[in-house]
Amino acid sequence: MYAERVLSGMRPTGALHLGHYHGVLANWVKLQQDYPCLFFVADWHALTTQYDDPRNIHQNSMDMVVDWLAAGVDPAQATIFIQSQVPEHAELHLLLSMMTPLGWLERVPTYKDQQEKLASKDLSTYGFLGYPLLMSADILIYRADKVPVGEDQIPHVEFTRELARRFNYLYGREPGFADKVEAALAQLNSKHRRSYKELRTRFQQEGDKTAVDKGKALLAEASLSLEDRERLLGYLEGTGKTILVEPGYLLTQAAKMPGLDGQKMSKSYGNTIALREAADSVAKKIKAMPTDPARVRRNDPGDPEKCPVWQLHQIYSGSSCRDWVQQGCKSAGIGCLECKQPVIDGILEEQAPMQERARHYQENPALIRKILADGADQARELACATLRDVRSAMGLDYR
Ligand code: TRP
Ligand code: SF4
């Protein structure tokens with residue numbers, strides 16, 4: 001019953017690389033054309049692991065925003081903002097924390113995983129345990145129904161769904177809910193009323209999920225006020241009124257982007273090319289890439305399947321170039337440096353429009369500040385509306 005909306009966030013890790021571009025950012029750029037989108041810098045989330053040294057978070061955030069803009073995330077289409085500029089996230093986080101079972105947080109798989117992975121840090125903090133809860137607040141405050149995330153973040157979205165359900169269950173029962181449901185039912189014609197009751201029984205007693213969809217369709221058709229429609233939907237599902245929307249996720253395919261050594265491109269492997277890497281540095285890095293070890297001398301034939309450069313050709317080269325590589329490598333007809341040139345050209349070509357956009361923004365820092373200020377304003381408007389409903393559902397709307 002709420003508008004479709006995409007929301008995603010990224011922790012500010014500093015300058016992004018081409019793996020981020022091919023994985024996440026290209027996807028955002030596509031999504032912004034189809035949906036209202038909100039993209040934000042999760043700077044508070046960075047604090048959960050970096051509380052001891054927060055001073056570079058600001059710069060990392062700004063660098064990351066420039067990379068987003070460079071990649072083509074368009075402030076005219078999407079809302080771009082910084083989490084800490086929308087303090088409503090924090091209020092919702094606090095209110096949700098009151099009803100979040102500790103066990104739910106302790107059971108989120110990333111909790112123990114990350115603690116073990118970052119064993120050198122003391123992560124037995126309140127904030128770190130609450131990481132998924134803060135993420136839930138980020139999502140729920142915009143009533144976002146679509147959250148593009150990588151596979152590792154899916155448990156957090158599942159957690160968010162459960163939390164929304166619990167919230168609606170606890171607070172979605174307005175005073176006089178039963179009477180209001182009766183009054184809403186009385187507005188349905190008798191045929192609809194009968195089917196609605198049947199569908200409700202089928203869902204609540206037999207767990208038939210298709211009954212919910214059918215019920216939704218039925219309610220969408222009936223002439224009811226928005227409020228009554230939501231009440232009846234809540235009554236059907238046994239959740240009370242929908243105050244917080246259960247989000248779904250859009251799985252971002254793991255980046256196919258190989259790094260300089262053939263492993264997945266990742267900062268922790270030190271095999272990256274930055275999104276805005278300087279041209280001479282791109283050339284230098286590609287020229288230094290390892291190739292098929294069988295090609296010791298220029299006239300030793302090789303096998304592209306054993307060479308990380310070939311993986312990059314698969315991303316950056318057209319079919320005639322790829323045929324040339326296959327042929328030339330196996331027959332020792334081409335040298336490795338020769339083979340690498342089209343990859344260098346392909347990367348530089350991909351980066352050219354990004355460098356251009358980045359230059360534009362870097363020459364106008366005021367423009368970036370304006371984009372973020374406008375983004376925060378737009379986000380706050382949505383966030384405040386949800387928070388009003390939340391406060392009121394919890395009886396905290398003092399006047
Ligand atoms: N936890 C996410 C990550 O590490 C970042 C994030 C924070 C996020 N809040 C979010 C992603 C809300 C999607 C929606 O990638
Ligand atoms: Fe790799 Fe190309 Fe050299 Fe073959 S010719 S080993 S594919 S760089």
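Preceding this paragraph is the structure being described.
Report follows, based on the coordinates. (Residues numbered from 1 in each chain as written. Chains lettered and ligands numbered in written order. Predicted model: local features only at pLDDT ≥ 70, side-chain atom pairs only at ≥ 80, totals over all residues. Heavy atoms only, no water.)

**What to know about the pattern of salt bridges**
Reasoning step 1: Across all of its chains, the model carries 15 salt bridges by this definition.
Reasoning step 2: The residue arginine 380 makes a salt bridge to glutamate 88 at a minimum N-O spacing of 3.0 Å. Taken as a pair, arginine 380 in helix 18 (residues 365-393) and glutamate 88 in helix 4 (residues 88-97) lie far apart in primary sequence, 292 residues in all.
Reasoning step 3: A residue is classified by how much of its surface remains accessible, and glutamate 88, at 9% relative accessible area, is buried.
Reasoning step 4: With a closest N to O distance of 2.7 Å, aspartate 374 and lysine 370 form a salt bridge. Here aspartate 374 and its partner lysine 370 are both found in helix 18, four residues apart, which amounts to about one turn of the helix.
Reasoning step 5: When salt bridges that share partners are traced, they join Glu227, Asp228, Arg231 and Lys241 into one network. (Salt bridge = Lys/Arg side-chain N within 4 Å of Asp/Glu carboxyl O. Helix = DSSP H or I, 4+ residues; strand = E, 2+ residues; numbered from the N terminus. Buried < 20%, exposed > 50% of the residue type's maximum accessible area, 1.4 Å probe, protein only.)

**With respect to the site of ligand 2**
Reasoning step 1: Neighbouring ligand 2 are the residues Thr291, Asp292, Arg295, Cys307, Val309, Val325, Cys329, Cys336 and Cys339.
Reasoning step 2: Elements supplying a minimum of two residues to the shell around ligand 2: helix 16 (319-330) and helix 17 (336-363).
Reasoning step 3: Split by residue class, the shell around ligand 2 holds six nonpolar, one polar and two charged. (Near = heavy atom within 4 Å. Nonpolar A, V, L, I, M, F, W, Y, C, P; charged D, E, K, R; others polar.)

**Quick notes on the packing of aromatic side chains**
Reasoning step 1: Scanning all chains against the criterion turns up seven aromatic pairs.
Reasoning step 2: Ring geometry for tryptophan 28 and phenylalanine 39: centres 4.1 Å apart, planes at 5°, overall stacked. Of this pair, tryptophan 28 sits in helix 1 (residues 18-34) while phenylalanine 39 sits in strand 2 (residues 37-41); the two residues are 11 residues apart in sequence, bridging distant segments of the chain.
Reasoning step 3: The rings of Trp28, Phe39 and Trp68 are connected pair by pair, giving a single aromatic cluster.
Reasoning step 4: The ring of tryptophan 104 is capped by arginine 166, whose NZ or CZ atom sits 5.9 Å from the centre of that ring.
Reasoning step 5: Looking at arginine 200, its charged tip hangs above the ring of tyrosine 235, at a distance of 3.6 Å from the centre. (Phe/Tyr/Trp six-rings, centres within 6.5 Å; stacked < 30°, edge-to-face > 60°. Lys NZ or Arg CZ within 6 Å of the ring centre and 35° of its normal.)

**What about empty space enclosed by the protein?**
Reasoning step 1: Throughout the structure, instances matching the rule amount to one cavity of 30 Å³ or more.
Reasoning step 2: Approximately 100 Å³ is the volume attributed to the largest cavity.
Reasoning step 3: In terms of lining residues, the largest cavity is bounded by Thr291, Arg295, Pro304, Cys307, Val309, Trp310, His313, Val325, Cys329, Cys336, Cys339 and Lys340.
Reasoning step 4: Looking at the lining of the largest cavity, the elements that each hand over two or more residues are helix 15 (308-316), helix 16 and helix 17. (1 Å grid on protein atoms, 1.4 Å probe; cavity = no way out; pocket = protein on both sides within 12 Å on 5 of 7 lines; lining within 4 Å. Points joined across faces, edges and corners; volume = space filled by probe spheres on them.)

Purely geometric stuff here, so don't read any function into it on its own.
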